[in-house]
Amino acid sequence: MPTEKLNPFKIAQQQLDTAAKILNLDPEIHQALRWPMREIHISFPVRMDNGKTKTFHGFRVQYNDARGPCKGGIRFHPEETIDTVRALGAWMVWKTALLDLPLGGAKGGVICNPKELSDYELEKICRAYIAQLAFALGSDKDVPAPDVYTNPQIMAWMLDEFQKIKGSHDPGMITGKPLAIGGSEGREDATARGSLYATREAAKLLKLDLKKATVAIQGFGNAGYFLAKLCPEILGAKVVAVSDSKGGIFSEEGLDIDKVLAHKKKTGSVNCFPKTKKISNEEILELEVDILFPAALEDVITKENASKIKAKILGEAANGPTTPEADEILYKKGVFVIPDFLCNAGGVTVSYFEWVQNLYNYYWELDTVHKRLETKMVKAFKSVVETAKKYKVNNRMGAYIVAVERVAEAMKLRGWV
Ligand code: NAD
């Protein structure tokens, strides 16, 4: 659990404060942007397989909708807190603005451990979560998506519950759905694909020879697995280390990712994959690699370990992996950081494509999704780098400046401030 000092929401506010100072942001807009516009706390009893009921607690934070309906994933995690959800909601606002999507930002979560739940219990939690929040959701209000420990099946149950309550179809009320019920081609690997497009642009800037480059990835879920899988195809680089919550593996020759996945499916972890060296989740961050992708949870790169990061490019596939103090250290060290709300924006971008397809009920080919995603990612990447250069700040601040200016303009036009 993040300590008070590493409270993700405090970090998100601190990042905004820094951007506001650089931008000379109108104090009234700054004040309004420091807090979520609306947050809903829910509790609901669920009858478990043992016949007893258990009460779960959850949240939905609708941070800001000046640019369009709120958009953001739902996490199921035993250590979920309102402050994590607030921070993630804020980062969604900046992410949709940076990618110039006509959406606001939100996030949701349920405090639970899916690893300890049966499928039946999980389904009941999903349905109860939606039943409590249906009044606040919808394709024109707030559109959830998958995040940590939630997946397309969970989106399908949630959509079904929502439609039962409303008595009508609204596939655009949630994204990251399976294809058969209105999902988009290319959504599954979109986060990783977007990160890799951004990393390729960073490598061009740094003149890094990707064919000789090595990659380490912390986290082996949706973001981390597809990063590993697509790395050779999009970057031509070699993945030498991956990890999950139980630890990591390293092989100088490179990992066969399909085999690692099969091993994880069989044993529950990437650990003990044959012919690899066991490494910890701390060690994986400090490996001698060219590119490092934290793709698990927040606050993993701190002032304690930032100076030990050896990667030339840090692609923040996870949300909030780097604390502000660590950011400073990395900037001084010359590590090229692709900040989270740029690096992992591929997910929400294809979620946006999914929402668009749902709204006009006409579906695109995979190739169209990939091309449009690439265009969006490259454009956003360039805007961040140019802005960082113009203001002589790090890439994270570059991204903040682009995003905050866009949200502030929408708030002013609406007459909110
Ligand atoms: P996931 O649930 O699919 O996978 C999470 C992975 O992290 C698992 O492999 C798990 O074992 C690992 N993990 C958990 N605790 C860990 C720890 N302490 N150390 C190392 N590994 C640990 O989740 P995901 O969707 O891949 O999300 C990962 C990160 O990417 C999160 O920060 C999420 O917010 C971000 N993200 C995901 C998406 C998306 O589309 N899935 C989009 C944007 C951002």
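Since this is a predicted model, take the numbers as computed values, not measurements. (Residues numbered from 1 in each chain as written. Predicted model: local features only at pLDDT ≥ 70, side-chain atom pairs only at ≥ 80, totals over all residues. Heavy atoms only, no water.)

### What to know about the pattern of salt bridges
Selection criterion: Think of a salt bridge as a Lys or Arg side-chain nitrogen and an Asp or Glu carboxyl oxygen that are within 4 Å of each other. Per the convention used, a helix needs a DSSP run of H or I reaching at least four residues, while a strand needs a run of E reaching at least two, with both numbered from the N terminus. The classification of residues rests on relative accessible area computed with a 1.4 Å probe and restricted to protein chains. Under 20% of the type maximum is buried, over 50% is exposed, and intermediate values are partly exposed.
Scanning the entire structure with this criterion turns up 28 salt bridges. K204 serves as the salt-bridge partner of E201, at 3.1 Å between the closest nitrogen and oxygen. Taken together, the residues span about one helical turn, with E201 and K204 both in helix α6 (residues 190–206) at a distance of three residues. On the basis of relative accessible area, K204 is assigned to the exposed category, the value being 53%. Each of E123, R127, D160, E161 and K164 takes part in salt bridges that share partners, so that together they form one network.

### A word on the sheet that holds strand β9 (residues 277–279)
We apply this condition: We call two strands paired when DSSP finds no fewer than two bridges between them. Helix axes use the C-alpha atoms of the stretch in contact, all axes being lines fitted to C-alpha atoms, and the angles between their N-to-C directions lie in the range 0 to 180 degrees. In what follows, residue pairs with any heavy atoms lying within 4.5 Å of each other are defined as contacts.
What the seven strands build is an open sheet, ordered β9-β8-β7-β6-β10-β11-β12; its pairing is mixed. For this open sheet the edge positions go to β9 and β12 (336–338), each flanked by a neighbour on one side alone. For this sheet, the mean angle separating the axes of adjacent strands, direction not counted, is 20 degrees. By the bridge criterion, three bridges tie strand β11 (residues 313–315) to β12 in an arrangement that is parallel. What sits directly across from I313, in β12, is F336. Contacts from α6 reach β10 (291–294), β11 and β12, with the element oriented near 155 degrees to β12.

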